[in-house]
Number of protein chains: 2
Amino acid sequence: MARLAAEVGRFLDRHHLRGRTGVAAVSGGADSVALLRAFVASGVHVAVAHFNHQLRGPDADRDEAFVRDLAVGLGVPVHVGTADVRGEATRSGGNLEATARGLRYDWLGRIAAEVGAGWVATGHTADDQAETVIHRLVRGTGLQGLRGIAPVRPLTADVSLVRPLLGVTRVEIIGYLNLLDQPHREDASNVDPAFTRNRIRHELLPLLKIFNPEVVSALGRLAGQADEAQQVVDRAAADLLAAAERPRAGHLLVFAADTLTAAPPHLVRAMFRLAWEREGWPGGAMTAAHWERLHGMTRDDASAVDFPGGVTARRVGRVVQLGRRL
Amino acid sequence: MARLAAEVGRFLDRHHLRGRTGVAAVSGGADSVALLRAFVASGVHVAVAHFNHQLRGPDADRDEAFVRDLAVGLGVPVHVGTADVRGEATRSGGNLEATARGLRYDWLGRIAAEVGAGWVATGHTADDQAETVIHRLVRGTGLQGLRGIAPVRPLTADVSLVRPLLGVTRVEIIGYLNLLDQPHREDASNVDPAFTRNRIRHELLPLLKIFNPEVVSALGRLAGQADEAQQVVDRAAADLLAAAERPRAGHLLVFAADTLTAAPPHLVRAMFRLAWEREGWPGGAMTAAHWERLHGMTRDDASAVDFPGGVTARRVGRVVQLGRRL
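In this text, all values refer to a predicted model and were calculated from it rather than measured experimentally.

### Quick look at the UniProt feature "binding site: ATP" (unreviewed entry) in chain A
Residues and elements named next belong to chain A.
Phase 1 of the analysis: UniProt records the feature "binding site: ATP" (unreviewed entry) for Ser 27, Gly 28, Gly 29, Ala 30, Asp 31 and Ser 32 in the present numbering.
Phase 2 of the analysis: With relative accessibility at 7%, the residue Gly 29 sits in the buried group.
Phase 3 of the analysis: Mapped onto the secondary structure, Ala 30 falls in helix H2 (residues 30-41).
Phase 4 of the analysis: Here Ala 30 falls in the buried class, since its relative accessible area comes to 12%.
Phase 5 of the analysis: Not counting residues up to four positions away in its chain, the partners in contact with Ala 30 are Ile 173, Ile 174, Leu 177, His 184 and Arg 185.

### Some remarks on the sheet that holds strand S5 (residues 152-154) of chain B
Residue and element names in this part refer to chain B.
Phase 1 of the analysis: The strand order across the open sheet formed by 6 strands is S3-S2-S1-S4-S6-S5, and the pairing between neighbours is mixed. In the strand order of this sheet, the two ends are held by strand S3 (78-82) and S5, each with one partner. Looking at each pair of strands side by side, their axes are set apart by 25° on average, direction ignored.
Phase 2 of the analysis: As paired strands, strand S4 (residues 119-121) and strand S6 (residues 160-162) are joined by 3 bridges and run parallel to one another. Among the inter-strand pairings, Trp 119 is bridged to a residue of S6, identified as Ser 160.
Phase 3 of the analysis: Set on the sheet, helix H5 (residues 96-115) makes contact with strand S1 (22-25), strand S2 (46-52), S3, S4 and S6; between it and S2 the angle comes to about 150°.

### Focus: the interface of chain A and chain B
Phase 1 of the analysis: On the side of chain B, 34 residues touch chain A, which itself brings 34 residues to the contact.
Phase 2 of the analysis: Between chain A and chain B, roughly 3,100 Å² of surface is buried when both sides are summed, and carbon and sulfur atoms account for 74% of that area.
Phase 3 of the analysis: Among the residues chain A hides against chain B, the three largest losses belong to Val 138, Phe 211 and Val 232 of chain A. Together they make up 20% of the total.
Phase 4 of the analysis: Where chain A meets chain B, there are 2 salt bridges.
Phase 5 of the analysis: If you look at where chain A meets chain B, you find 8 residue pairs in polar contact (both at pLDDT 80 or more).
Phase 6 of the analysis: For the side of chain A that touches chain B, the secondary structure elements donating two or more residues are helix H6 (126-139), helix H7 (142-146), helix H9 (195-211), helix H10 (215-244) and helix H12 (265-279) of chain A.
Phase 7 of the analysis: The biggest single contributor to the side of chain A that touches chain B is H10 of chain A, with 13 residues.

### Description of the sheet that holds strand S1 (residues 22-25) of chain A
All names here are of chain A.
Phase 1 of the analysis: Taken in spatial order, the 6 strands of this open sheet run S3-S2-S1-S4-S6-S5, and their pairing is mixed. Of all the strands in the sheet, the pair left with one neighbour each is strand S3 (78-82) and strand S5 (152-154). Going across the sheet, the axis of each strand differs from the next one's by a mean of 25°, ignoring polarity.
Phase 2 of the analysis: Two elements, S1 and strand S4 (residues 119-121), share 3 bridges in a ladder whose sense is parallel. Looking at S4, one finds that Val 23 is bridged to Val 120.

### Observations concerning the pairing of S2 of chain B
Residues and elements named next belong to chain B.
Phase 1 of the analysis: Within S2, 7 of the 7 residues are buried, leaving the element largely enclosed by the surrounding structure.
Phase 2 of the analysis: Residue alternation in S2 divides its side chains into two sets, Val 46, Val 48, His 50 and Asn 52 and Ala 47, Ala 49 and Phe 51, and both sets are buried.
Phase 3 of the analysis: Crossover handedness for the path S1 to helix H2 (residues 30-41) to S2: right-handed.
Phase 4 of the analysis: One ladder, built from 5 bridges, connects S2 with S3; its direction is parallel. Bridged to Asn 52 within S3 is Thr 82.
Phase 5 of the analysis: The parallel pair S2 and S3, bridged by helix H3 (residues 58-74), forms a crossover whose chirality is right-handed.

Quick notes on the rules
- Residues numbered from 1 in each chain as written.
- Chains lettered and ligands numbered in written order.
- Predicted model: local features only at pLDDT ≥ 70, side-chain atom pairs only at ≥ 80, totals over all residues.
- Heavy atoms only, no water.
- UniProt positions renumbered as here; feature names shortened; annotations may be inferred.
- Buried < 20%, exposed > 50% of the residue type's maximum accessible area, 1.4 Å probe, protein only.
- Helix = DSSP H or I, 4+ residues; strand = E, 2+ residues; numbered from the N terminus.
- Contact = heavy atoms within 4.5 Å.
- Pairing = 2+ DSSP bridges.
- Axes fitted to C-alpha atoms, helices over the stretch in contact; angles between N-to-C directions.
- Buried area = accessible area lost by both parts, 1.4 Å probe.
- Salt bridge = Lys/Arg side-chain N within 4 Å of Asp/Glu carboxyl O.
- Polar contact = N/O pair within 3.5 Å; in protein donor to acceptor, adjacent residues only side chain to side chain.
- Right-handed = clockwise from strand over helix to strand, strands pointing away.

Encoded structure:
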């Protein structure tokens, strides 16, 4: 079970995070409590941050008290934040879970700045990763979605959001806490009543484990591979954009058609996506069929075609032109 | 339901297959019968090939007779092959399903050569694709496995193996056959008694459809994206190999360490895999941890490290050397 503390240490080394103080987001549930204990066991400098969503009355207050006591007992500074999650969700018309998450991460970023931390760690585990990958697989978000929960991503300009336990299963978490005789709160932070997520956890994942008991690690590895492959594709798309793009003609983007036709179709579509993003054009309504249509236009002279978001494309002679009606 | 014939036609056009005669592998089951009817409806020149595995006694002979009659009725030439599948499996010690598949595809390649066909088509559907992707997901074969069934791949040096129905669901197949009032044999070619595949079809996939009724198409799109991304990665790995490799020192492969350390880790690992393949070194025993270890060696001077298959690696000064003990 010392594997857990060692895994957390290796994670911090691999991502060059040990040099800076961190913030551990601790709900009081098993995962984040194990994370905190592993940080302390590895001699990592952290402050504890607990966000009280005030969504579950006295239970939420008991979670807060539990985390305060835990941190004090471990000799770690503790910060507690709160916000009117329900009121904010009503005002913004957003769903409760997404609103809670948004407010929590905003606050974690502010706490990190306040204590001069370089990173904020959450207790997401290999099981969370597997559930996320399955959820996205089933929803059909494609390769991009399979990347799952990122081990490291920017939270603010100066602070990284990190998940040191993504390689650790929930069974190992519980084993580690048992070994330390360390109590925890039940699903303290789980404000997610999502039907889908619960059915994935309680029906789908157990069925998958019958096929392969190691399916959780298998899905974690897959997420890592999808992430790495997508990075290679992103880089290749950026290279193609640099190679194919010509100076603008007024407000029109101009691309050399022969450079595009010589590249693999997938890469051309990825390049157009990148151009869309860079220009700030709305890409949400572009379907796979639209991207394929756009790629098809690079091959032959054709009259202008309109795409969602007011973007028009045409091939003229040796160039492809793209522009957006304002 | 004309969508099915149109889909088959588009597939042939997209892959520039219309110009050459094809062979339709027809078991007599719904999928391959629908495939044949769609070819005939689209005016595609095909010969029918039916392989009698002789594994199910009189049922197999009734399948053969059914396919002969069907082909004759449609005015399409028909070829029937057979082999001692059970005897061959016993001799080679292989499993029955894999042996049957191997013998069948060998024979299809020979028939294609005999009739001067450029391609052989099988009736794999979107449901087969989804089942394959799920099977590989669960087994943990990674991104490579997610590519699923290839729409087009080489069968022999001169003949492509193509799957025009990969975008068509089983429900559409049945609808098309009903529309034509075209009978078919039940699971005629299904010599796969696999427990896993049946549970995927009858338990897992129906559960996934509760989460998302369109999950079959979603998994098909994912396979396509994984395939395309892997092609981009393969190409980038080949570019990196060309950029990083120096002339051999005797039997040693030599790589410029600074070129490798400047590249993304994933790409370096993919490049080493490519070098392994090119050299014909046994890669089967190399685990993810081995590839990661090998990548780690590119960064620092270190003593030689042995890898499975007798390959030794070391970094010396500004180069990484790889060699295999003979």
